[in-house]
Amino acid sequence: MDVSQGYRESWEGFWSATSDAPGEAIWDSDPSLASVPHSELLLPYADTSLPVVDLGCGNGTQTRYLATCFARAIGVDLSYAAIEHARRADTAGVAEFAQLNLVDGDAVRALHERIGDTNVYMRAVIHQSEPPARPAVAAAVATLIGERGRAFVAELTPASKTVLQQAAQAPGGPPAKLRRVFDHGLKPAGATEEEIPELLKAAGLTTLATGATALAQTEYLPDGTRIDLPARWFVLGGG
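The text that follows walks through the structure, step by step, so that each part is easy to find.

**A few points about the side chain of His 127**
- Tracing the backbone shows His 127 in the loop between strand E4 (119-123) and helix H6 (134-145).
- Polar contacts involving the side chain of His 127 include one to the main-chain carbonyl oxygen of Ala 124, which spans 3.4 Å.
- Filtering out sequence-adjacent residues up to four positions away, His 127 remains in contact with Arg 134, Glu 155, Leu 156, Lys 187, Pro 188, Ala 189, Gly 190 and Ala 191.

**Considering helix H4 (residues 80-89)**
- Looking at H4, one finds that the buried residues are Ala 81, Ala 82, Ile 83, His 85 and Ala 86.
- At the N-terminal end of H4, a side-chain oxygen is found 3.2 Å from the backbone nitrogen of Ala 81, two or three residues along, and the residue is Ser 79.

**A look at the packing of aromatic side chains**
- Applying the stated rule across the entire model yields 7 aromatic pairs.
- Pairing Trp 11 with Phe 14 gives two aromatic rings, centres 6.2 Å apart and planes at 75 degrees, and the pair type is edge-to-face. With Trp 11 and Phe 14 both in helix H1 (residues 5-16) and 3 residues apart, the pair spans about one turn of that helix.
- Trp 11 sits in the buried class, given a relative accessible area of 12%.
- Taking the centre distance of 6.1 Å and the plane angle of 15 degrees together, the rings of Phe 152 and Trp 233 count as stacked. Within this pair, whereas Phe 152 is found in strand E5 (residues 151-156), its partner Trp 233 is found in strand E7 (residues 226-238), the two being separated by 81 residues in sequence. The same class applies to Phe 152 and to Trp 233, which are both buried.
- Following the ring pairs from residue to residue traces out a cluster consisting of Trp 11, Phe 14, Trp 15 and Trp 27.

**Some remarks on H6**
- Helix length check: H6 (12 residues) gives 17 Å between terminal C-alpha atoms against 16 Å at 1.5 Å per residue, within 8%.
- Within H6, 9 of the 12 residues are buried, which leaves the element mostly enclosed by the surrounding structure.
- Every buried residue of H6 is listed here: Arg 134, Ala 136, Val 137, Ala 138, Ala 140, Val 141, Ala 142, Leu 144 and Ile 145.
- Positioned one or two residues after H6, Gly 146 has a phi angle of 55 degrees, which is positive.

**Observations concerning the nonpolar core**
- Among the nonpolar cores identified, the biggest contains 73 residues, and Leu 55, Val 120, Met 122 and Leu 200 are the most heavily contacted of them.
- Element by element, the count of residues in this core is highest for H6, at 8 residues.
- Those residues in contact with Val 120 that lie beyond four places of it in its chain are Leu 42, Val 52, Val 53, Leu 55, Val 141, Leu 144, Ile 145, Arg 150, Ala 151 and Phe 152.

Rules of the game
- Residues numbered from 1 in each chain as written.
- Predicted model: local features only at pLDDT ≥ 70, side-chain atom pairs only at ≥ 80, totals over all residues.
- Heavy atoms only, no water.
- Helix = DSSP H or I, 4+ residues; strand = E, 2+ residues; numbered from the N terminus.
- Polar contact = N/O pair within 3.5 Å; in protein donor to acceptor, adjacent residues only side chain to side chain.
- Contact = heavy atoms within 4.5 Å.
- Buried < 20%, exposed > 50% of the residue type's maximum accessible area, 1.4 Å probe, protein only.
- Phe/Tyr/Trp six-rings, centres within 6.5 Å; stacked < 30°, edge-to-face > 60°.
- Expected span 1.5 Å × (residues − 1).
- Core = buried A, V, L, I, M, F, W, Y, C linked by side-chain atoms within 4.5 Å.

Keep in mind these numbers describe shape, not what the thing actually does.
In structure tokens form, the structure reads like this:
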């Protein structure tokens, strides 16, 4: 299967209109608020001699941190413009970046054949994917980790939609970074509470650990409160 043309264009348009400034994308939080604590949850289960693939890497902020934890780090994203951002930002050349459509099973299998079993980091990808594509995204995680890899997956819960709706109704309308998300037709927090674990299980993934968290954003409410979106995290192994 494939993603819709509109979905692809939404992401390409978003990243094409985004500058290289750190934090301009609302989810481009500092690693200390994302991949650092997430890695602490994953590492007890993971073989760090295996690579790690950052699915939906965007401009590569988290990928560059993950490169300090694993033997090799590869960031992949649907958007060519995002990959260009990531390569420009990686001035030290610590990671690798490539365009990849996660719902293209042949392309995902080709990546697995090239690098072998790998660890996976995926933050907030399934919830904003088009509903028909979500099983394929979960299946991509299972394909990549194979038998030896482990995955860390964090996804927004429906409570995040309430937070975003409240932010959008602030005096003066949505904060600028959130408005850009809406302007490009992106739809955050689109999955139900039950859907994510069901998708992961159906893909043949086994939950080794899970818990509640919040994904810190780079945008703030008018009163100065940072927007933190309720989420659930999973550490996963193969079936």
